[in-house]
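# Reading the structure
Residues per chain, in single letters:
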Amino acid sequence: MPLTDAQITALKARAKQLRYDIIDITGWSGGAHIGGALSLVEILVILYDHYLTIDPARPDWPERDRLVVSKGHAGIGYAALLARKGYFDFELLRDFNKFKSPFGMHLDGNKVRGVDASTGSLGHGLSMALGMALGARVQGQSWRTYCILGDGECNEGSVWEAAMATAHFKAVNLTTFVDRNRLMIDGPTEEVMGLEPLADKWRAFGFEVREVDGHDFSALAEAIDFSRSHTDAPVVIIAHTVKGKGVDFMENDVRWHYGGLDTDLIARAKASVEKLYA
Amino acid sequence: MSEGLTWTVYDADAMTQAEIYGQVLCDLGQRHPEIVGLSADLAKSTKIGCFGDRFPQRFFNVGIAEQNLFGVAAGLAKAGLVPFVSTMAVFTSLRAAEQVRTDICYQNLNVKIIATHSGSSFGQAGTTHHCTEDLAVMRSFANMTVIAPADGIETANAVRAAFAWPGPVYIRIGRSFEPRFYDSEDYGFQIGRAIELHPGTDATLICCGVTVRPAVEAAKVLSQEDGLSVRVLNVHTLKPLDEAAVMRAVTETRRILIFEDHNTVGGLGTAVADVIAASGKGCAFVKTGVPDCFCEVGYPEDLQSHYGLDTDGIIARVRETMNLEFEADEDWEDEV
Ligand SMILES: Cc1ncc(C[n+]2csc(CCOP(=O)(O)OP(=O)(O)O)c2C)c(N)n1
C-alpha cells in the first residue's frame with residue numbers, strides 16, 4: 001500500500017532526528033563513518049518504522065524479522081536508530097568508541113541489543129542473511145530477512161557467491177538493498193573498481209531488480225512491498241543515494257567517508273540538516 | 001646501509017609510520033622498475049597510495065576484494081615483478097589467508113606485504129578490525145618471513161630489507177598514530193637479528209612492534225627504582241627468529257617476559273617458548289598480550305594499558321615475575 005502523507009511526514013521527522021543523532025555521535029566518538037551512515041538513513045528508518053516485525057523488549061524473540069547491516073561501518077546510524085527504537089538508552093552512545101564501551105564503530109551483536117549479525121568486515125552480510133532466510137524456511141517460519149550492502153562492498157567476490165546462492169535457493173523471503181551512493185574510500189566506485197552495469201549483474205545472478213531513489217520514502221515503500229510479494233525470484237533494491245546526505249559540506253565528498261566533528265562543524269552540519277527539512 | 005643517505009631525506013618527525021613507508025616505497029620504486037604496488041580500496045589509509053600517485057602505471061587498486069588482491073599479486077610476481085601489497089592486517093591474514101598461503105607462500109613468490117591497523121591499533125573500530133591473530137597465522141605459513149617493526153623508522157628499514165630479501169615477507173604495522181622510537185635508521189637492522197636495546201642480567205623483556213618503546217622505558221625505571229638489571233630485546237623478526245639471542249637471554253637472565261599486541265596464543269611468545277622448550281633449559285616465562293579473548297573496544301592507548309602492555313603494566317609484570325619460582329639447573333653456570 002502506498003504511504004499516506006501523514007506516514008511520510010512521520011518518517012521524515014524520524015529521518016531528521018536520525019541525521020541529528022548521527023552528527024552528535026560522530027562528535028562524541030571522535031571519528032566515525034558518517035558519510036555512509038547518512039546515505040542509509042531513509043532505508044533504516046522505513047525498515048524499522050514500517051516493515052520490521054520486531055519487539056525491542058525482546059531482541060531475541062525467535063519470530064522477529066531479521067536485518068543484517070552488511071556495510072557494518074554504518075554502525076553510528078544503526079546504533080542511534082536502535083536506541084531510538086527503545087533497544088537501549090540513547091545516552092549510552094556518548095561512550096561510542098571509548099574504552100570498554102559496547103559500541104565500537106562496527107556493532108557487536110553480542111554486546112548491542114537488537115543487532116542480528118556482527119558485521120564490519122565487508123562481504124559477509126549477504127551470506128549470513130541468506131542463512132537466516134533459509135533458516136526460516138527450514139523451520140516453517142514466516143519471518144523475513146533484510147540485508148543492506150554497500151556498493152563498494154559489491155567488489156567482494158563473496159557478495160556474488162551469496163547472490164548466486166540466494167537465487168539458486170530461491171530465497172524470496174530475503175530482501176537485499178544496495179546503498180548505491182557511488183563512493184567508496186579511495187574514490188568514486190566507477191573509478192576505483194567499476195560496478196556498472198550493476199543492475200544487469202544482479203539480474204544475471206538471478207535477481208529481480210528495482211532501482212529507486214533511496215531517499216524517497218514512497219519509492220522505497222513501493223520497492224519493498226514488491227520484494228515482499230514477489231515469489232519468482234529474490235529481489236534486490238538498488239537504492240540510489242547520496243553519501244553524506246543532508247550535510248551540504250559532506251554530500252558526495254569522498255573525504256567524508258570517515259571523519260570527526262568539532263563543535264563548529266557539528267553546528268554547521270545540523271544547520272544544513274535543518275535546511276533540508278525546512 | 002649503503003643506501004642510507006637516500007632515506008634520511010624525509011622528515012620522520014612530521015610523518016606517520018605509514019607515510020614513512022610510503023615514501024620509502026616511492027624511493028625504491030624510482031630505482032627499481034620491477035616494483036609494483038597494490039591495495040584494496042585502502043590506498044589512502046595504508047599510504048601505499050603515494051606509490052600509486054607517483055607510478056600510476058605500476059599501481060593497482062583492485063577495489064574491496066582482498067582475495068583477488070593477493071591472487072593478482074601472486075600473478076604479478078610470477079610475471080617477474082616485485083609486488084608490494086598493502087591492506088589492513090585482518091583482511092590480509094584472515095580474509096585472504098588462503099591466497100597468501102597457497103598462491104604466494106606455497107609458490108614461494110616474491111611478494112612483500114605491508115599489513116596495517118594490526119593488533120589493537122584500530123581498537124575503537126571493534127573486533128572486525130582488530131587483528132590479534134596475524135602473527136600466529138603468518139608464522140605458520142612455510143616460506144613466509146614475518147616482521148613486526150617498532151615504529152616508522154624501523155618500518156622503513158624493514159621495507160628496504162624486505163625488497164632485498166627473497167621470497168614472501170609479511171610486515172605488520174599499526175594504524176600509524178604510534179609514537180616514534182628510533183632516532184635514525186642507522187642501528188644495524190637486519191632481518192632475523194634481534195636488537196638489544198637495554199642491557200640486563202635479571203630478566204629479559206622480549207618485545208616487538210608497539211611494546212618496544214614502553215619496554216625500554218620500563219627497564220630504565222626498574223633500574224632506577226628497583227635496582228634491577230633488565231634486558232630489552234626488540235625481536236622485530238618473528239620468523240626467522242633470532243634463536244641465539246633468545247637462548248642468550250635465557251642463560252644470562254633466566255627470566256623471560258614477552259610483551260606483544262597480539263593474542264597470547266601463537267605469536268611472539270609462542271615462537272620464543274618453542275625455542276626455550278626445545279633447548280631443555282628452565283626459566284621463568286611470562287607472556288603478556290591479549291589473553292585469548294576478543295579485544296575490548298577502545299582507543300589503542302587505553303587497550304594497551306588494559307592488557308598490561310604500557311610502561312606501567314610492564315613494570316608491574318616484571319616485579320611480579322622477580323618473585324616467581326623456577327627450577328634452576330644445577331649445571332647451569334657451566335653451560336653459560
Ligand atoms: C573486507 C573489508 N575490506 C576493507 C574494509 C575497509 N572499509 C571500510 S568501509 C570501506 C568502503 C566501503 O564502501 P561502500 O561499501 O561503498 O560503503 P559506503 O560508501 O556506503 O560507506 C572499506 C574499504 C572493510 N571494512 N572490510
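For the structure itself, look to the data block above.
Residues numbered from 1 in each chain as written. Chains lettered and ligands numbered in written order. Predicted model: local features only at pLDDT ≥ 70, side-chain atom pairs only at ≥ 80, totals over all residues. Heavy atoms only, no water.

### Observations concerning the overall build of chain B
Which entries qualify depends on this criterion: Where helices and strands are cited, they refer to DSSP runs of H or I of at least four residues and of E of at least two residues respectively, numbered from the N terminus. Using C-alpha atoms as the atom set, the radius of gyration is obtained and then compared with a globule rule of 2.2 Å times the number of residues to the power 0.38. Here the term buried applies to any residue with accessible area under 20% of the maximum for its type, exposed to any over 50%, and partly exposed to those in between, with areas from a 1.4 Å probe on protein chains only. Two residues form a contact once any of their heavy atoms are found within 4.5 Å. Here, Shrake-Rupley sampling with a 1.4 Å probe gives the accessible areas, and only protein chains in the shown set may cover a residue.
What chain B contains, in helices and strands, is 15 helices and 12 strands. Taken over C-alpha atoms, the radius of gyration comes to 20 Å for chain B, in line with the 20 Å a tight globule of 336 residues would show. For chain B, the residues scored as buried account for 62% of the 336 residues in total. Of the contacts formed within chain B by residues at least 6 apart in sequence, a portion of 77% connects residues at least 24 apart. For chain B, the accessible surface area stands at approximately 12500 Å², while carbon and sulfur atoms represent 49% of it.

### As for the interface of chain A and chain B
For the record, the criterion: Buried area adds together the accessible area that both of two parts lose upon being put together, with accessible area traced by a 1.4 Å probe. Any carboxyl oxygen of Asp or Glu that lies within 4 Å of a side-chain nitrogen of Lys or Arg is treated as forming a salt bridge with it. As used in this structure description, the phrase polar contact means that two N or O atoms lie within 3.5 Å; if the pair is within protein, one of them must be able to donate a hydrogen and the other to accept it, and residues adjacent in sequence are counted only when both atoms belong to side chains.
Listed per partner, the contact involves 31 residues of chain A and 26 residues of chain B. When the buried area of chain A at its contact with chain B is split by residue, A:Phe99, A:Glu156 and A:Asp186 rank highest and sum to 27% of it. Summed over the shared surface of chain A and chain B, the result is one salt bridge. Between B:Arg95 and A:Glu156 there is a salt bridge, with the nearest N and O atoms lying 3.3 Å from each other. Counting across the interface, chain A meets chain B through 18 residue pairs in polar contact (both at pLDDT 80 or more).

### A word on the site of the ligand
Inclusion rule: Residues are counted as near a molecule or strand when any one of their heavy atoms sits within 4 Å of it.
Around the ligand, a shell composed of 24 residues is seen, among which A:His73, A:Asp151, A:Leu183, A:Lys243 and B:Glu66 lie nearest. The ligand sits at a junction of chains, with neighbouring residues supplied by chains A and B. Within the side chain of A:Asp151, one N or O atom sits 2.7 Å away from an oxygen atom of the ligand. One of the backbone N or O atoms of A:Gly152 is found 2.8 Å from an oxygen atom in the ligand.

### Considering unusual backbone geometry
With omega at 0 degrees, the peptide bond leading from A:Glu196 into A:Pro197 counts as cis. Mapped onto the fold, A:Pro197 is located in the loop between helix H7 (189–192) and helix H8 (198–204). Of the consecutive residues B:Lys239 and B:Pro240, the connecting peptide bond is found in the cis state with omega at 0 degrees. Inspection of the secondary structure assignment puts B:Pro240 in the loop between strand S10 (237–239) and helix H11 (243–253). The backbone of B:Asn108 sits at a positive phi, close to 50 degrees, despite the residue not being glycine. Mapped onto the elements of the fold, B:Asn108 is located in the loop between helix H7 (97–105) and strand S4 (112–116). Classification of B:Asn108 by relative accessible area gives partly exposed; the value is 42%.

### Description of the layout of surface pockets
Left-over empty space is what a probe sized like a water molecule reveals as it rolls over the atoms. Selection criterion: A pocket, in this scheme, is an open set of points on a 1 Å grid over the protein atoms alone with protein on both sides within 12 Å along at least 5 of 7 lines, while a cavity is a set where a 1.4 Å probe fits but cannot get out; residues line either one if an atom lies within 4 Å of a point. Grid points are joined across faces, edges and corners, and a volume is the space filled by probe spheres set on the points. Amino acid classes used here: Ala, Val, Leu, Ile, Met, Phe, Trp, Tyr, Cys and Pro are nonpolar; Asp, Glu, Lys and Arg are charged; the rest, including Gly, are polar.
In this structure, the largest pocket encloses a volume near 800 Å³. Around the largest pocket sit 42 residues that line it, and A:His33, A:Ile185, A:His257, B:Leu42 and B:Ser45 are the ones nearest its centre. Grouping the amino acids of the lining of the largest pocket by side-chain chemistry returns 14 nonpolar, 15 polar and 13 charged. The calculated volume of the second largest pocket comes to roughly 440 Å³. Taken together, 26 residues form the lining of the second largest pocket, with A:Ser121, B:Val90, B:Thr127, B:Thr128 and B:Phe294 sitting closest to its centre. The greatest single-element share of the lining of the second largest pocket, amounting to four residues, is contributed by helix H6 (residues 89–95) of chain B. Taken together, the residues of the lining of the second largest pocket break down into nine nonpolar, 13 polar and four charged.

### Focus on helix H9 (residues 152–164) of chain B
Residues and elements named next belong to chain B. Put simply, the rule reads: Take the number of residues in a helix, subtract one, and multiply by 1.5 Å to get its expected span.
Between its first and last C-alpha, H9 extends 19 Å over 13 residues, near the 18 Å set by a 1.5 Å rise per residue. In terms of burial, H9 is largely enclosed, as 12 of its 13 residues are buried. Among all positions in H9, only Gly152, Ile153, Glu154, Thr155, Ala156, Asn157, Ala158, Val159, Arg160, Ala161, Ala162 and Phe163 are buried. Put simply, Asp151 is the residue that caps the front of H9, since its side-chain oxygen is 3.1 Å from the backbone nitrogen of Ile153.

### Describing the pattern of salt bridges
All names here are of chain A. Tallied over the entire structure, the rule returns 28 salt bridges over all chains. The salt bridge partner of Arg94 is Glu91, with a shortest N-O separation of 2.6 Å. For Glu91, a relative accessible area of 41% gives the class partly exposed. Here Lys275 ties to Asp248 by a salt bridge, and the two come within 3.9 Å at their closest N and O atoms. Note that Lys275 is positioned in helix H10 (residues 263–276) and Asp248 in the loop between strand S5 (235–240) and H10, a separation of 27 residues in sequence. Judged by relative accessible area, Lys275 falls into the exposed class, the value being 61%. Each member of the salt-bridge network shares a partner with another, and the members are Asp151, Arg180, Arg182, Glu190 and Glu196.

### Let's talk about the pairing of strand S6 (residues 169–172) of chain B
Residue and element names in this part refer to chain B. Our working rule: Any two strands with at least two DSSP-identified bridges between them are counted as paired.
A two-sided burial pattern is seen for S6, the buried positions comprising Val169 and Ile171 on one face and Tyr170 and Arg172 on the other. One ladder, built from four bridges, connects S4 with S6; its direction is parallel. Residue pairing for S6: Lys112 is matched across the bridge by Val169. Where strand S5 (residues 145–147) meets S6, three bridges bridge the pair, whose relative direction is parallel.

### Quick notes on the sheet that holds strand S9 (residues 230–234) of chain B
Residues and elements named next belong to chain B. What counts, and what does not: Here an angle of 0 to 180 degrees is reported between the N-to-C directions of two axes, which are lines fitted to C-alpha atoms, with helices fitted over the stretch in contact.
If you trace the five strands from one edge of the open sheet to the other, you get S7-S9-S8-S11-S12, paired in mixed fashion. The open sheet is flanked by strand S7 (195–198) and strand S12 (284–290), the only strands paired with a single partner. In this sheet, adjacent strand axes meet at a mean angle of 25 degrees when their direction is disregarded. Summarising the sheet, strand S11 (residues 255–263) and S12 pair through six bridges and their orientation is parallel. Paired with Leu257 across the bridge in S12 is Val286. Sitting on the sheet, H11 touches strand S8 (203–207), S9 and S11, and the angle it makes with S9 is about 170 degrees. Here helix H14 (residues 311–322) sits on the sheet in contact with S8, S9, S11 and S12, set at roughly 145 degrees to S11.

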